[in-house]
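An overview of the molecular structure
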Amino acid sequence: MKTVKDYIRTIVDFPHEGILFRDVTTLFADPRGFRMCVDQLLAPYAGMRIDKVVGLEARGFIIGGAVAHQLSTGFVPIRKKGKLPGQTIAQAYTLEYGEAVVEVHDDAMQPGEKVLLVDDLLATGGTAEAGIKLIERLGAQVIGCAFVVDLPDLGGRKKLEAMGMDVHALCAFEGL
Ligand SMILES: O=P(O)(O)OC[C@H]1O[C@H](OP(=O)(O)OP(=O)(O)O)[C@H](O)[C@@H]1O
Ligand SMILES: Nc1ncnc2[nH]cnc12
(Lines give C-alpha, C1' and ligand atoms only; values in the text may rest on other atoms or scores of the structure.)
(Ligands and ions follow the chains in the order given, each with its own letter.)
Protein backbone atom coordinates (compact mmCIF):
# COMPACT_ATOMS: atom_id res chain seq x y z
CA MET A 1 0.00 0.00 0.00
CA LYS A 2 1.22 3.51 -0.81
CA THR A 3 2.32 5.71 2.08
CA VAL A 4 1.86 9.48 2.39
CA LYS A 5 5.49 9.92 1.36
CA ASP A 6 4.91 8.00 -1.86
CA TYR A 7 2.40 10.63 -3.04
CA ILE A 8 4.84 13.56 -2.60
CA ARG A 9 6.73 14.69 -5.69
CA THR A 10 10.19 16.27 -5.67
CA ILE A 11 10.94 19.18 -8.02
CA VAL A 12 14.64 19.91 -8.45
CA ASP A 13 15.90 23.55 -8.32
CA PHE A 14 12.57 25.17 -7.34
CA PRO A 15 12.21 28.02 -6.45
CA HIS A 16 16.01 28.40 -6.54
CA GLU A 17 18.96 26.34 -7.72
CA GLY A 18 19.97 23.78 -5.10
CA ILE A 19 16.50 23.46 -3.50
CA LEU A 20 14.73 20.10 -3.67
CA PHE A 21 11.12 21.22 -3.48
CA ARG A 22 8.87 18.65 -1.79
CA ASP A 23 5.60 19.16 -3.64
CA VAL A 24 2.51 18.08 -1.67
CA THR A 25 0.04 19.05 -4.42
CA THR A 26 0.32 15.49 -5.77
CA LEU A 27 -0.62 14.18 -2.31
CA PHE A 28 -3.55 16.59 -1.96
CA ALA A 29 -4.81 15.77 -5.47
CA ASP A 30 -5.19 12.08 -4.72
CA PRO A 31 -8.37 11.14 -2.81
CA ARG A 32 -6.75 8.24 -0.93
CA GLY A 33 -3.58 10.23 -0.29
CA PHE A 34 -5.40 13.29 1.03
CA ARG A 35 -7.65 11.29 3.36
CA MET A 36 -4.66 9.29 4.64
CA CYS A 37 -2.79 12.53 5.24
CA VAL A 38 -5.61 14.16 7.25
CA ASP A 39 -6.35 10.97 9.24
CA GLN A 40 -2.68 10.44 10.14
CA LEU A 41 -2.18 14.06 11.10
CA LEU A 42 -5.07 13.81 13.56
CA ALA A 43 -4.33 10.40 15.05
CA PRO A 44 -1.94 11.45 17.87
CA TYR A 45 -4.45 14.00 19.23
CA ALA A 46 -7.42 11.65 19.63
CA GLY A 47 -9.24 12.43 22.88
CA MET A 48 -7.34 15.66 23.53
CA ARG A 49 -9.05 19.01 23.97
CA ILE A 50 -8.47 21.16 20.88
CA ASP A 51 -10.30 24.50 20.57
CA LYS A 52 -8.74 25.81 17.36
CA VAL A 53 -6.72 24.52 14.45
CA VAL A 54 -4.26 27.13 13.19
CA GLY A 55 -2.90 26.79 9.64
CA LEU A 56 0.16 28.51 8.17
CA GLU A 57 -0.17 30.13 4.72
CA ALA A 58 -0.58 28.77 2.17
CA ARG A 59 -0.46 25.00 2.13
CA GLY A 60 -1.26 24.82 5.84
CA PHE A 61 -4.71 26.20 4.97
CA ILE A 62 -5.55 23.17 2.83
CA ILE A 63 -4.70 20.69 5.57
CA GLY A 64 -5.85 22.90 8.42
CA GLY A 65 -9.34 23.35 6.98
CA ALA A 66 -9.77 19.59 6.55
CA VAL A 67 -8.38 18.85 10.03
CA ALA A 68 -10.60 21.48 11.69
CA HIS A 69 -13.67 20.12 9.90
CA GLN A 70 -12.86 16.59 11.05
CA LEU A 71 -12.37 17.78 14.66
CA SER A 72 -15.37 20.13 14.55
CA THR A 73 -13.18 23.01 15.74
CA GLY A 74 -12.71 26.50 14.38
CA PHE A 75 -9.94 27.26 11.91
CA VAL A 76 -7.61 30.28 12.19
CA PRO A 77 -5.27 31.38 9.37
CA ILE A 78 -1.82 32.81 9.98
CA ARG A 79 -1.13 34.88 6.87
CA LYS A 80 1.73 36.69 5.21
CA LYS A 81 1.84 40.42 6.02
CA GLY A 82 -0.91 42.63 4.66
CA LYS A 83 -3.52 39.97 3.80
CA LEU A 84 -5.77 39.96 6.88
CA PRO A 85 -8.44 42.69 6.97
CA GLY A 86 -8.88 43.18 10.74
CA GLN A 87 -6.59 44.24 13.59
CA THR A 88 -3.52 42.01 13.60
CA ILE A 89 -0.34 41.23 15.49
CA ALA A 90 2.81 40.53 13.46
CA GLN A 91 5.92 38.39 13.79
CA ALA A 92 9.04 38.47 11.58
CA TYR A 93 10.94 35.28 10.68
CA THR A 94 13.59 33.89 8.33
CA LEU A 95 12.99 31.14 5.77
CA GLU A 96 15.16 28.55 4.03
CA TYR A 97 15.20 31.04 1.13
CA GLY A 98 14.24 34.52 2.34
CA GLU A 99 12.65 36.65 5.06
CA ALA A 100 9.01 37.38 5.80
CA VAL A 101 6.43 38.59 8.31
CA VAL A 102 3.31 36.67 9.33
CA GLU A 103 0.19 38.00 11.02
CA VAL A 104 -2.90 36.79 12.84
CA HIS A 105 -6.10 38.60 13.79
CA ASP A 106 -5.72 39.76 17.39
CA ASP A 107 -9.17 38.39 18.30
CA ALA A 108 -8.78 35.01 16.56
CA MET A 109 -7.93 33.07 19.73
CA GLN A 110 -8.83 33.54 23.37
CA PRO A 111 -6.47 33.20 26.36
CA GLY A 112 -6.35 29.57 27.55
CA GLU A 113 -7.55 28.05 24.28
CA LYS A 114 -5.80 24.85 23.17
CA VAL A 115 -4.42 25.07 19.65
CA LEU A 116 -3.17 22.54 17.11
CA LEU A 117 -0.73 24.17 14.64
CA VAL A 118 -0.59 22.57 11.18
CA ASP A 119 1.48 23.06 8.05
CA ASP A 120 2.59 20.99 5.09
CA LEU A 121 6.32 21.11 5.77
CA LEU A 122 8.87 21.77 8.51
CA ALA A 123 12.24 23.00 7.22
CA THR A 124 14.20 25.51 9.36
CA GLY A 125 11.19 25.88 11.66
CA GLY A 126 11.20 29.66 11.24
CA THR A 127 7.61 29.82 9.99
CA ALA A 128 6.27 27.52 12.69
CA GLU A 129 8.25 29.36 15.39
CA ALA A 130 6.69 32.65 14.27
CA GLY A 131 3.24 31.01 14.32
CA ILE A 132 3.80 29.65 17.84
CA LYS A 133 4.89 33.09 19.05
CA LEU A 134 1.74 34.69 17.61
CA ILE A 135 -0.50 32.06 19.24
CA GLU A 136 1.27 32.44 22.59
CA ARG A 137 1.14 36.25 22.41
CA LEU A 138 -2.66 35.91 22.27
CA GLY A 139 -2.54 33.79 25.43
CA ALA A 140 -3.48 30.50 23.75
CA GLN A 141 -1.52 27.27 24.19
CA VAL A 142 -0.02 25.16 21.40
CA ILE A 143 -0.72 21.52 22.30
CA GLY A 144 0.88 20.13 19.14
CA CYS A 145 2.57 20.99 15.85
CA ALA A 146 1.63 18.66 12.99
CA PHE A 147 3.36 18.55 9.61
CA VAL A 148 3.11 16.32 6.57
CA VAL A 149 6.85 16.57 5.80
CA ASP A 150 9.89 17.04 8.03
CA LEU A 151 13.25 18.03 6.54
CA PRO A 152 15.38 17.04 9.56
CA ASP A 153 18.64 18.31 8.09
CA LEU A 154 17.28 21.87 8.27
CA GLY A 155 16.83 21.65 12.03
CA GLY A 156 13.19 22.72 12.44
CA ARG A 157 12.16 19.80 14.62
CA LYS A 158 15.06 20.40 17.00
CA LYS A 159 14.22 24.10 17.15
CA LEU A 160 10.56 23.48 18.01
CA GLU A 161 11.36 20.71 20.49
CA ALA A 162 13.83 23.06 22.21
CA MET A 163 10.85 25.42 22.65
CA GLY A 164 9.04 22.58 24.44
CA MET A 165 6.78 21.75 21.49
CA ASP A 166 5.34 18.34 20.67
CA VAL A 167 6.18 17.78 16.96
CA HIS A 168 4.40 15.25 14.76
CA ALA A 169 5.39 14.64 11.11
CA LEU A 170 4.08 12.01 8.71
CA CYS A 171 7.33 11.54 6.80
CA ALA A 172 10.87 12.88 6.47
CA PHE A 173 13.17 13.59 3.53
CA GLU A 174 16.92 13.59 4.14
CA GLY A 175 19.01 16.30 2.49
CA LEU A 176 18.09 19.90 1.69
O1 LIG B 1 10.40 25.66 8.32
P2 LIG B 1 10.60 26.82 7.39
O3 LIG B 1 12.02 26.98 6.98
O4 LIG B 1 10.03 28.08 7.94
O5 LIG B 1 9.85 26.49 6.03
C6 LIG B 1 8.57 25.88 5.98
C7 LIG B 1 7.56 26.78 5.34
O8 LIG B 1 7.94 27.06 3.99
C9 LIG B 1 6.84 26.75 3.12
O10 LIG B 1 5.99 27.82 2.97
P11 LIG B 1 6.37 29.10 2.10
O12 LIG B 1 6.96 30.13 3.00
O13 LIG B 1 7.14 28.65 0.91
O14 LIG B 1 4.95 29.70 1.73
P15 LIG B 1 3.72 29.19 0.82
O16 LIG B 1 3.13 27.96 1.51
O17 LIG B 1 2.81 30.36 0.86
O18 LIG B 1 4.26 28.86 -0.55
C19 LIG B 1 6.12 25.65 3.85
O20 LIG B 1 4.79 25.52 3.41
C21 LIG B 1 6.22 26.09 5.29
O22 LIG B 1 5.18 27.00 5.63
N1 LIG C 1 12.40 22.07 0.35
C2 LIG C 1 11.17 22.54 0.45
N3 LIG C 1 10.16 21.98 -0.23
C4 LIG C 1 8.90 22.48 -0.13
N5 LIG C 1 8.57 23.53 0.62
C6 LIG C 1 9.54 24.10 1.33
N7 LIG C 1 9.53 25.13 2.19
C8 LIG C 1 10.77 25.32 2.65
N9 LIG C 1 11.62 24.43 2.12
C10 LIG C 1 10.87 23.65 1.28
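In this text the structure is predicted, and so the values were computed from the model without any measurement. Numbering of residues starts from 1 in each chain and follows the order in which that chain's sequence is written. To label them, take the chains in the order written and letter them from A, then take the ligands in the order written and number them from 1. Where totals are concerned, whole chains, interfaces and linings use all residues; where local detail is concerned, this predicted model gives features only for residues with pLDDT of at least 70, and gives and counts side-chain atom pairs only at 80 or more. Heavy atoms throughout the structure, all of them, feed into the side-chain values; hydrogens and water do not.

This part covers the environment of Ala146. Here a strand is any run of E in DSSP of at least two residues, a helix any run of H or I of at least four, and the numbering for each starts at the N terminus. Locating Ala146 in the fold gives a position in strand E8 (residues 141-150). In contact with Ala146, not counting residues within four places along its chain, are Leu41, Tyr45, Leu116, Leu117, Val118, Asp119 and His168. In this description, contact between two residues means that some pair of their heavy atoms is separated by no more than 4.5 Å.

Right, let's talk about the site of ligand 1 for a bit. Nearness here has a simple test: a residue counts as near a molecule or strand if at least one of its heavy atoms is within 4 Å of that partner. Around ligand 1, the structure places 16 residues, and the nearest of them are Asp119, Asp120, Thr124, Gly125 and Thr127. For the purposes of these results, a polar contact is taken to be a pair of N or O atoms within 3.5 Å, where, inside protein, one atom must be able to donate a hydrogen and its partner to accept one; residues adjacent in sequence count only when each atom of the pair is a side-chain atom. Taking Ala123, its main chain carries an N or O atom lying 2.8 Å from an oxygen atom of ligand 1. Each accessible area is a Shrake-Rupley estimate made with a 1.4 Å probe; only the visible protein chains count as cover when residues are assessed. Burial of ligand 1 by the protein amounts to 87% of the accessible area it has alone, namely 510 Å². Secondary structure elements with two or more residues in the shell around ligand 1: strand E7 (114-122) and helix H4 (126-137).

What follows concerns the pattern of salt bridges. One side-chain nitrogen of Lys or Arg within 4 Å of one carboxyl oxygen of Asp or Glu is enough to make a salt bridge. The full count for this structure, using the stated rule, is nine salt bridges. The shortest N-O distance in the salt bridge between Asp150 and Arg157 comes to 3.3 Å. Classification of residues uses two cut-offs on accessible area relative to the type maximum, computed with a 1.4 Å probe and protein chains only: under 20% is buried, over 50% is exposed, and between them is partly exposed. With relative accessibility at 4%, the residue Asp150 sits in the buried group. When its relative accessible area of 26% is taken as the criterion, Arg157 is described as partly exposed. Beyond isolated ion pairs, a larger network of salt bridges with shared partners links Glu129, Lys133 and Lys159.

Another point: the environment of Gly131. Assignment of secondary structure puts Gly131 in helix H4. For Gly131, a relative accessible area of 0% corresponds to the buried category. With 17 residues separating them along the chain, Gly131 and Val148 place their C-alpha atoms 17 Å apart. Discounting chain neighbours no more than four positions away, the residues touching Gly131 are Leu56 and Ile78.

Bringing the nonpolar core into the picture now. Most often, soluble globular proteins keep nonpolar side chains buried together rather than apart. Ile8 and Val148 are the most contacted members of the largest nonpolar core, which totals 28 residues. Broken down by secondary-structure element, the contributors of at least two residues to this core are helix H1 (25-28), helix H2 (31-42), helix H3 (59-71), E7, E8 and strand E9 (167-172). Element by element, the count of residues in this core is highest for H2, at five residues. What Val148 contacts, discounting residues up to four positions off in sequence, is Val4, Ile8, Leu27, Cys37, Leu41, Ile63, Asp119, Asp120, Ala169, Leu170 and Cys171. For the purposes of this section, nonpolar cores are sets of buried Ala, Val, Leu, Ile, Met, Phe, Trp, Tyr and Cys residues that join through side-chain atoms within 4.5 Å. Of all hydrophobic cores here, the second largest spans 26 residues; its members include Val54, Val76, Val102 and Val104.

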